[in-house]
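Understanding the architecture of this molecule
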Amino acid sequence: MNTELFEKATRLNETLFEQFGKAAEMQVNAFRRYADVTMEQAKKVSEVRDLESLKSLTGDQAETLKSLSEQFTADWKAWQDYFNESREQIQKVFEKAPEAPAKPGPKTAK
């Protein structure tokens, strides 16, 4: 019983480590994408010098917002997929039957 519990705990730790690694990677990638968009927009705002450049900026902002909306939707779907995968992986840990040690067969006398 203790061996089975230890094996499940080990599998659970491995699964959690793997899933937390995926979550961290997803967060870093999302942060990088949104930070890049923010910096790009800040640069464009700082370059506004006249009415024409302001009009151009507002047109770009509409495209940026559309792009961000699509990215938010994609990120939300990715997180939903991640949570579903994590749940399935954790369930598998507890569903796996422990491997029984091989029992030696009867010895034959020579």
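The structure reproduced in this document is the subject of the present report. (Residues numbered from 1 in each chain as written. Predicted model: local features only at pLDDT ≥ 70, side-chain atom pairs only at ≥ 80, totals over all residues. Heavy atoms only, no water.)

**So, the overall build of the protein chain**
Scanning the protein chain from N- to C-terminus turns up two helices and zero strands. Burial analysis of the protein chain (110 residues in total) assigns 15% to the buried set. At a minimum sequence separation of 6, the contacts of the protein chain that also span at least 24 residues come to 79%. Accessible area of the protein chain: about 9,300 Å², with a carbon and sulfur share of 61%. (Helix = DSSP H or I, 4+ residues; strand = E, 2+ residues; numbered from the N terminus. Buried < 20%, exposed > 50% of the residue type's maximum accessible area, 1.4 Å probe, protein only. Contact = heavy atoms within 4.5 Å. Areas by Shrake-Rupley, 256 points an atom, 1.4 Å probe, with all protein chains shown as cover.)

**Thoughts on the pattern of salt bridges**
With the rule as written, the count across this model stands at eight salt bridges. For Glu 52, the salt bridge goes to Lys 55, with nearest N and O atoms at 4.0 Å. Placement of both Glu 52 and Lys 55 in helix α2 (residues 51-95) is noted, with a separation of three residues, approximately one turn of the helix. A relative accessible area of 54% means that Glu 52 is categorised as exposed. For Lys 55, a relative accessible area of 48% gives the class partly exposed. (Salt bridge = Lys/Arg side-chain N within 4 Å of Asp/Glu carboxyl O.)

**Notes on the side chain of Thr 15**
Here Thr 15 shows up in helix α1 (residues 2-46). Excluding anything up to four places from it in sequence, Thr 15 contacts Gln 89, Ile 90 and Val 93.

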